Amino acid sequence: MTLRNERVRKALMREISDILLREVKDPHIIGIVSITDVEVSHDNSYAKVFYSVMADDDKKQQTVEALKKVTPKIRHEVGKRIRLRHTPELNFILDESLERGLRITKLIDQISKGEI
């Protein structure tokens, strides 16, 4: 990854997080949404935005659907905030690695206490 791609990646993470926190007022986005990573294509035309949602499964699914609907608005805001020749196409991907890590940690704690 080039230095420029890395700067774009970090800027996208920062701005998308801020947009979700301050600009998007969709009532279907429930729970805590955190941007965990962004992968940018070599020409900065496409970005995979990995995010996690701390909520139960029903609320998580509502949030996933709501993010799909507000993606054009988020992309538009990103275009206003970050000066690039072309604003990357955004693809939001649910990242469940944090939840898997918490479950594994809980299981290890239970094993060490002799509960399992």
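Chemist: Mind laying out the overall build of the protein chain, listing which residues take part and the relevant values?
Modeler: A count of helices and strands for the protein chain gives three helices and three strands. Scanning the protein chain from its N terminus toward the C terminus, one meets helices and strands in the order α-β-β-α-β-α. Each principal axis of the C-alpha distribution contributes one length, and for the protein chain these read about 60 × 35 × 20 Å. For the protein chain, the exposed surface amounts to about 7800 Å²; the carbon and sulfur share of it is 52%. One finds the centroid of the 22 positive side-chain charges in the protein chain at a distance of 6 Å from the centroid of its 19 negative side-chain charges.

Chemist: Any chance you could break down the side chain of Asp-95 for me, citing the residues and the numbers?
Modeler: Structurally, Asp-95 can be placed in the loop between β3 (89-94) and α3 (97-112). No salt bridge is formed by the buried Asp-95; the nearest opposite charge belongs to Arg-100, separated by 5.1 Å. A polar atom in the side chain of Asp-95 sits 2.8 Å from the side chain of Ser-97. Beyond its immediate stretch of four places on either side in the chain, Asp-95 contacts Thr-36, Phe-50, Tyr-51 and Ser-52.

Chemist: Which residues make up a nonpolar patch on the surface, and what values do they have?
Modeler: On the surface, a nonpolar cluster with roughly 300 Å² of combined accessible area is contributed by Ile-32, Met-54 and Leu-102. The topology assignment puts Leu-102 in helix α3.

Chemist: Quick one: what's the story with the nonpolar core, residue by residue and with numbers?
Modeler: With 23 residues, the main nonpolar core has Leu-12, Ile-16, Ile-35, Ile-74 and Phe-92 as its most contacted residues. By residue number, the principal contributor to this core is helix α1 (residues 3-22), which donates six residues. The contacts of Ile-35, once residues within four sequence positions are left out, are Met-13, Ile-16, Ser-17, Leu-20, Val-49, Phe-50, Tyr-51 and Phe-92.

Chemist: Got a sec to walk through a negative patch on the surface? Specific residues and values, please.
Modeler: Negative charge collects at one region of the surface, where Asp-56, Asp-57, Asp-58 and Glu-96 lie side by side. Residue classification places Asp-57 among the exposed residues on the basis of a relative accessible area of 62%.

Chemist: So what's going on with unusual backbone geometry? Residues and values would help.
Modeler: Most peptide bonds take the trans form, and the phi angle of most residues other than glycine is negative. Unlike most non-glycine residues, Asn-44 shows phi in positive territory, near 60 degrees. One can find Asn-44 in the loop between β1 (32-40) and β2 (46-54).

Chemist: Quick rundown of the layout of surface pockets? Include the residues and the values.
Modeler: The calculated volume of the largest pocket comes to roughly 190 Å³. Taken together, Ser-17, Leu-20, Leu-21, Val-24, Lys-25, Asp-26, Ile-29, Gly-31, Ile-32, Val-33, Ser-34 and Ile-35 form the lining of the largest pocket. Counting residues per element, the lining of the largest pocket draws most heavily on β1, at four residues. Residue composition of the lining of the largest pocket, by class: seven nonpolar, three polar and two charged.

Rules behind the numbers
- Residues numbered from 1 in each chain as written.
- Predicted model: local features only at pLDDT ≥ 70, side-chain atom pairs only at ≥ 80, totals over all residues.
- Heavy atoms only, no water.
- Helix = DSSP H or I, 4+ residues; strand = E, 2+ residues; numbered from the N terminus.
- Areas by Shrake-Rupley, 256 points an atom, 1.4 Å probe, with all protein chains shown as cover.
- Lys, Arg positive; Asp, Glu negative; His and termini not counted.
- Charge placed at Lys NZ, Arg CZ, Asp CG, Glu CD.
- Buried < 20%, exposed > 50% of the residue type's maximum accessible area, 1.4 Å probe, protein only.
- Salt bridge = Lys/Arg side-chain N within 4 Å of Asp/Glu carboxyl O.
- Polar contact = N/O pair within 3.5 Å; in protein donor to acceptor, adjacent residues only side chain to side chain.
- Contact = heavy atoms within 4.5 Å.
- Patch = residues over 30% accessible without salt bridge, like charges linked within 9 Å, V, L, I, M, F, W, Y side chains within 5 Å.
- Core = buried A, V, L, I, M, F, W, Y, C linked by side-chain atoms within 4.5 Å.
- 1 Å grid on protein atoms, 1.4 Å probe; cavity = no way out; pocket = protein on both sides within 12 Å on 5 of 7 lines; lining within 4 Å.
- Points joined across faces, edges and corners; volume = space filled by probe spheres on them.
- Nonpolar A, V, L, I, M, F, W, Y, C, P; charged D, E, K, R; others polar.

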